[in-house]
Amino acid sequence: MTLGENIRNIRKSKNMSQKYIAQKIGKSDKYISKLEHGHLAPSLYTLIDIANVLEVPLTEIFTYTE
């Protein structure tokens, strides 16, 4: 799975919307959509922010499996 797919799967497993994540990290929901579909590469700081909102260790974003 790709990084974006992992983020999407974790987000969905926690019943969080793209809009919710985006608001919490100061980005647009379109940004989250593009990230989840692999159309952009986030910075490490953005990944840390996303992991914090999802309440998972940063490593889980890279290694998540269903």
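Residue numbers here run from 1 along each chain, matching the order of that chain's written sequence. Totals for whole chains, interfaces and linings use every residue, but because this is a predicted model, local features are given only for residues with pLDDT of at least 70 and side-chain atom pairs only at 80 or more, for both listing and counting. The side-chain quantities take in all heavy atoms of the structure and omit both hydrogens and water.

**A few points about the overall build of the protein chain**
In this description a helix means any DSSP run of H or I spanning at least four residues, a strand means any run of E spanning at least two, and both kinds are numbered starting from the N terminus. Along its length, the protein chain carries five helices and zero strands. Taken from N to C terminus, the helices and strands of the protein chain fall in the order α-α-α-α-α. For the protein chain, whose C-alpha radius of gyration is 10 Å, the value lies close to the compact-globule estimate of 11 Å for 66 residues. In terms of overall dimensions, the protein chain has a C-alpha envelope of 25 × 20 × 20 Å along the principal axes. Burial classes: relative accessible area under 20% of the type maximum marks a residue as buried, over 50% as exposed, and values in between as partly exposed (1.4 Å probe, protein chains only). Looking at the protein chain residue by residue over its 66 residues, the buried ones come to 38%. Relative to all contacts within the protein chain whose residues are 6 or more apart in sequence, the contacts with residues 24 or more apart total 59%. Computed with the Shrake-Rupley method and a 1.4 Å probe, the accessible areas treat only the protein chains shown as cover for residues. Of the roughly 4200 Å² that the protein chain leaves accessible, carbon and sulfur atoms contribute 50%. Under this rule, positive means Lys or Arg and negative means Asp or Glu; His and the chain ends count for nothing. Charged side chains are reduced to one point each, which is NZ for Lys, CZ for Arg, CG for Asp and CD for Glu. Taken together, the 9 basic and 7 acidic charged side chains of the protein chain have centroids lying 8 Å from each other. Atoms counted for the radius of gyration: C-alpha only. Globule rule: 2.2 Å times the number of residues to the power 0.38. Should any heavy atoms of two residues lie within 4.5 Å, those residues are considered in contact.

**Thoughts on the nonpolar core**
The criterion is simple. A nonpolar core is a set of buried Ala, Val, Leu, Ile, Met, Phe, Trp, Tyr and Cys residues joined through side-chain atoms within 4.5 Å. In this structure, Ile21, Ile50, Leu54 and Ile61 are the most contacted members of the largest nonpolar core, which totals 17 residues. Sorting elements by how many residues they give to this core places helix H4 (residues 44-54) first, with five residues.

**Observations regarding the confidence of the model for the protein chain**
pLDDT expresses, on a scale from 0 to 100, how confident the predictor is about each individual residue. Confidence in the prediction for the protein chain averages 95 pLDDT; 98% of positions are at 70 or higher. The least confident element of the protein chain is helix H5 (residues 58-63), whose mean pLDDT is 93; the most confident is helix H2 (residues 18-25), at 98.

**What about the pattern of salt bridges?**
Whenever Lys or Arg places a side-chain nitrogen within 4 Å of a carboxyl oxygen from Asp or Glu, that contact is recorded as a salt bridge. Counted under the stated rule, the structure contains one salt bridge. Arg11 serves as the salt-bridge partner of Glu36, at 2.7 Å between the closest nitrogen and oxygen. Here Glu36 is found in helix H3 (residues 29-36), whereas its partner Arg11 is found in helix H1 (residues 3-13), with 25 residues between them in sequence.

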